[in-house]
Amino acid sequence: MAGPTDAARRKHKVTVVGSGNWGTTVAKLVAENTREHPDLFEEDVQMWVYEENVTIAPDSPHYDAALGDEPQKLTKVINTYHENVKYLPKIPLPSNVVANPSLLDAVQDASILIFNLPHEFIGNVCKQIKGHILPYARGVSCIKGVTVTDDKVELICEYISESLGIYCGALSGGNIANEIANELWCETTIAYNTPPCDQRPQNGNGTGTQNGTSNGQQDGHFRDSRGRPSATELTPLPTDYPPLDHAELLKLFDRPYFTVSMVSDVVGVSLAGALKNIVALACGFIEGHGWNMTAKTAVMRRGMLETIQFCQEFFPETIQEMTFWESAGWSDMIVSCTSARNWRYSKMAVERGVSLHEIERTELNGQKLQGISTTKEVMGFLKARGVQGKYRLFQAVEGIVDGTFDVENIPQLFRS
Ligand SMILES: NC(=O)C1=CN([C@@H]2O[C@H](COP(=O)(O)OP(=O)(O)OC[C@H]3O[C@@H](n4cnc5c(N)ncnc54)[C@H](O)[C@@H]3O)[C@@H](O)[C@H]2O)C=CC1
Ligand SMILES: O=C(CO)COP(=O)(O)O
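Owing to the predicted nature of the structure, the values given are computational and were not obtained by experimental measurement. Residue numbering note: each chain is counted from 1, following its sequence as written. Each chain is given a letter, starting from A, and each ligand a number, starting from 1, according to the order in which they appear as written. The model is predicted, so local features are restricted to residues of pLDDT at least 70 and side-chain atom pairs to those at 80 or more, both for listing and for counting; the totals for chains, interfaces and linings are taken over all residues. The side-chain values count all of the structure's non-hydrogen atoms but skip hydrogen atoms and water molecules.

Colleague: What is the right way to look at the site of ligand 2 in this model?
Modeller: In this text, near means that some heavy atom of the residue lies within 4 Å of the molecule or strand in question. Around ligand 2 sit K144, G173, G174, N175, K276, D332, V335, S336, A340, R341 and N342, and that is every residue in its neighbourhood. Nitrogen and oxygen atoms within 3.5 Å of one another constitute a polar contact, given that in protein one can donate a hydrogen and the other can accept it, and given that sequence-neighbouring residues count only through two side-chain atoms. At a separation of 3.0 Å, an oxygen atom of ligand 2 approaches a polar backbone atom of G173. K276 is positioned such that a nitrogen or oxygen atom in its side chain is 2.8 Å from an oxygen atom of ligand 2. To be clear on the numbers: accessible area is Shrake-Rupley with a 1.4 Å probe, and residue cover counts the displayed protein chains and nothing else. Burial of ligand 2 by the protein chains amounts to 91% of its free accessible area of 300 Å². Structurally, ligand 2 is housed in the largest pocket. Considering every element that reaches the shell around ligand 2, the biggest residue donor is helix 10 (residues 327–338), with three residues. Residues were grouped as follows: Ala, Val, Leu, Ile, Met, Phe, Trp, Tyr, Cys and Pro as nonpolar; Asp, Glu, Lys and Arg as charged; and all remaining residues, including Gly, as polar. Across the shell around ligand 2, the residue classes tally to two nonpolar, five polar and four charged. Space inside and on the surface of the protein is sampled on a 1 Å grid over the protein atoms alone, with a cavity defined as a set of points where a 1.4 Å probe fits but cannot get out and a pocket as an open set with protein on both sides within 12 Å along at least 5 of 7 lines; lining residues have an atom within 4 Å of a point. A cavity or pocket is said to hold a molecule if more than half of that molecule's atoms lie within 2 Å of its grid points. For helices the rule is a DSSP run of H or I covering at least 4 residues; for strands it is a run of E covering at least 2, with both sets numbered from the N terminus onward.

This is the structure we're talking about:
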């Protein structure tokens, strides 16, 4: 059947759910791309902002003497000055990033939902938007973390898929938001298995997927990221929209300063991104204690082994070891253990002799350390199964966070 003419085509409306350091950066790069591809995407990108009041410092170019230090709504400041002065200061945003304090209004009619907020808030967000999104919306989760419910560990993209009844892929990589916002080159990984019901014939050669990403299921029924059947029926993307496959996702996310690799291993990409935050805390503790790069590489190596072990033990169905050589694997491990927030602030905690919670409260200005909750969640899951002893580095990190294990004893973990 012939598709719609260009004139009759709808375009994808893109919404970023979240506006922290990474949320705002991703909104920026995606908005640059929606401008460059008006045939595929609506130009404006909605960015849901968890509304709060901010005060503009007198040395800021946006300081208004008439208002002085009177608090202003963050959304209003972003839409007026095109800058997220709290979570991504000094980075000009394209004017087509539209900050929206209403979650339901921001997601309304969006066919592409980019979830990008600390993982502890995703449950509440999904509860609020369930039933208020397009049934055929598609998601990409940029969130690094897991959800642990009823003694089960779930990938964030899986959780989103199941609670909203939509397909959701995962974006993760060695990505420091401030560097990418400053357009310093890096790469990332997107795992997205185009649902069979969305696949369109392309150039007469069958489906439009690359890299053999089809999950092999043709009836429109929803399968989770591990290929398991679910009772939920996935609503196909209507054919008057442009297709949404790897080629279109590259057009949405890839920038000259942000190189995207598309893969199919949603489990590996998601878990590598979540678990490296535990290892990053360990590296910060190590360095805060006075050890240096050689000690950190030992911890990174051990952390990667425990990460792969965790994936193989609990998610054996689709895990692909090559994923750990993608940006989502070793690149993220290295950058997180040498220059990201979980490393930086756990180092500071040891240097100052205060708890990580205290550092998060006093130093991060509203930003979150995902490693703290991920350690607790993952260890809770391992303990419920009685296998915590097989994950000695993760266990030690939990002990250090709780004050029951001394950083000094980390080398003992490496002695058989
Ligand atoms: N910042 C970075 O360099 C990178 C972050 N990530 C991941 O991106 C995800 C999002 O992190 P960031 O954007 O950096 O966040 P952030 O840590 O910079 O900011 C925290 C955000 O949480 C929001 N918030 C606070 N309370 C909330 C509530 N009750 N409900 C909903 N939102 C609330 C704040 O408004 C703010 O937008 C995380 O999973 C992180 O691991 C991934 C790659 C790079
Ligand atoms: O995921 C990240 C690096 O790839 C960012 O990590 P932090 O949250 O520790 O800054």
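And the narrative resumes.
Colleague: Please explain the layout of surface pockets as it appears in this structure.
Modeller: Grid points are joined across faces, edges and corners, and a volume is the space filled by probe spheres set on the points. If you add up the space inside the largest pocket, you get close to 1,100 Å³. Residue lining of the largest pocket: 49 residues in total, with G20, N21, P118, R341 and K368 positioned closest to the centre. Along the lines of polarity and charge, the residues of the lining of the largest pocket split into 20 nonpolar, 20 polar and nine charged. Domain start and end points were adopted from an automatic or database domain assignment. Taken domain by domain, the lining of the largest pocket gets at least three of its residues from each of domain 1 (12–264) and domain 2 (268–414).

Colleague: Hey, could you run me through the environment of G380 in this one?
Modeller: Structurally, G380 can be placed in helix 13 (residues 370–384). In this structure, the C-alpha to C-alpha distance between G380 and D151, residues 229 residues apart in sequence, is 8.1 Å.

Colleague: For this particular structure, what's the right way to read the site of ligand 1?
Modeller: In the vicinity of ligand 1, 24 residues are found, and the nearest of them are N21, W22, A177, K368 and Q370. A177 is positioned such that a nitrogen or oxygen atom in its backbone is 2.8 Å from an oxygen atom of ligand 1. The side chain of R341 places a nitrogen or oxygen atom 3.1 Å from a nitrogen atom of ligand 1. Contact with the protein chains removes 90% of the 850 Å² of surface that ligand 1 exposes when unbound. Taken atom by atom, the bulk of ligand 1 overlaps the largest pocket.

Colleague: Is there a simple way to explain the side chain of E360 in this structure?
Modeller: Among the secondary structure elements, E360 is positioned in helix 12 (residues 356–363). Burial classes follow relative accessibility: with a 1.4 Å probe on protein chains only, a residue under 20% of its type's maximum area counts as buried, one over 50% as exposed, and anything between as partly exposed. The charged-residue count follows a simple rule in which Lys and Arg add positive charge and Asp and Glu add negative charge, with His and chain termini not counted at all. Salt bridge, as applied in this entry: a Lys or Arg side-chain nitrogen positioned within 4 Å of an Asp or Glu carboxyl oxygen. Buried E360, no salt bridge; nearest opposite-charge side chain is K368, N-O distance 5.1 Å. From its side chain, E360 meets the backbone nitrogen of L369 in a polar contact 2.8 Å long.

Colleague: I would appreciate a short explanation of the UniProt feature "active site" (unreviewed entry) in the protein in the present structure.
Modeller: UniProt positions are given in the numbering used here, feature names are shortened, and annotations may be inferred rather than shown by experiment. Taking the numbering used here, the UniProt-annotated feature "active site" (unreviewed entry) corresponds to K276. Here K276 lies in helix 8 (residues 266–289). In this description, contact between two residues means that some pair of their heavy atoms is separated by no more than 4.5 Å. Residue contacts for K276: discarding those within four places in its chain leaves K144, D332, M333 and S336.

Colleague: Explanation requested: the environment of G273 in the structure shown.
Modeller: The topology assignment puts G273 in helix 8. G273 sits in the buried class, given a relative accessible area of 0%. Sequence-wise, G273 and W48 are 225 residues apart; in three dimensions their C-alpha atoms are separated by 23 Å. Leaving out residues up to four positions away in the same chain, G273 has contacts with K144, S172, A328 and D332.

Colleague: I tried to follow the UniProt feature "binding site: substrate" (unreviewed entry) in the protein on my own but got confused; where do I start?
Modeller: The UniProt record annotates "binding site: substrate" (unreviewed entry) at K144, R341 and N342. Of the residues just listed, which span 199 residues, no C-alpha pair is farther apart than 13.0 Å, and they cluster in one region. Those annotated residues lining the largest cavity are, specifically, K144. Topologically, K144 is positioned in the loop between strand 7 (138–141) and strand 8 (146–149). Residue classification places K144 among the buried positions, given a relative accessible area of 16%. In contact with K144, not counting residues within four places along its chain, are H119, S172, G173, G273, A274, K276, N277, D332 and Q370.

Colleague: Could you clarify how one ought to interpret the packing of helix 4 (residues 122–129) against helix 5 (residues 156–164) in this entry?
Modeller: The relative placement of two packed helices comes down to the angle between their axes together with the axis-to-axis distance. The contact between helix 4 and helix 5 brings their axes to 10 Å, and the two run at 20°. One way to sum up the angle between helix 4 and helix 5 is to call them roughly parallel. Of the two possible hands of crossing, helix 4 and helix 5 adopt the one that is right-handed. Where helix 4 abuts helix 5, its residues I122, G123, C126 and I129 lie against I156, Y159, I160, S163 and L164. Split by residue class, the contact of helix 4 with helix 5 holds seven nonpolar, two polar and no charged. With axes taken as lines fitted to C-alpha atoms, and helix axes fitted only over the stretch in contact, angles between N-to-C directions fall between 0 and 180 degrees. We call two directions roughly parallel when the angle between them is under 35 degrees, roughly antiparallel when it is over 145, roughly perpendicular when it lies between 65 and 115, and oblique otherwise. Note: crossing handedness is left-handed where the near helix turns anticlockwise from the far helix by less than a right angle, and right-handed where it turns clockwise.

Colleague: Explanation requested: the nonpolar core in the structure shown.
Modeller: Nonpolar side chains tend to gather and get buried jointly when the protein is soluble and globular. Joining through side-chain atoms within 4.5 Å is the link that ties buried Ala, Val, Leu, Ile, Met, Phe, Trp, Tyr and Cys residues into a set, and such a set is a nonpolar core. By size, the foremost hydrophobic cluster in this structure holds 132 residues, and its most contacted members are I114, F115, F253, F310 and L382. Built from parts of two domains, this core gets at least three residues from each of domain 1 (12–264) and domain 2 (268–414).

Colleague: Explain the pattern of salt bridges to me, please; I cannot follow it from the model alone.
Modeller: Pairing of side chains with opposite charge becomes possible as their charged atoms draw close. With the rule as written, the count across this model stands at 18 salt bridges. The partner of E183 in a salt bridge is K28, with the nearest N and O atoms 2.6 Å apart. Of this pair, E183 sits in the loop between helix 6 (177–181) and strand 11 (186–191) while K28 sits in helix 1 (residues 21–36), placing them 155 residues apart in sequence. For E183, a relative accessible area of 40% puts it in the partly exposed group. Residue K28 is classed as buried on the basis of its relative accessible area of 4%. Close ionic contact of E306 with R302 constitutes a salt bridge, the shortest N to O distance being 3.1 Å. Remark: R302 and E306 occur in helix 9 (residues 293–314); sequence separation between them is four residues, near one turn of the helix.

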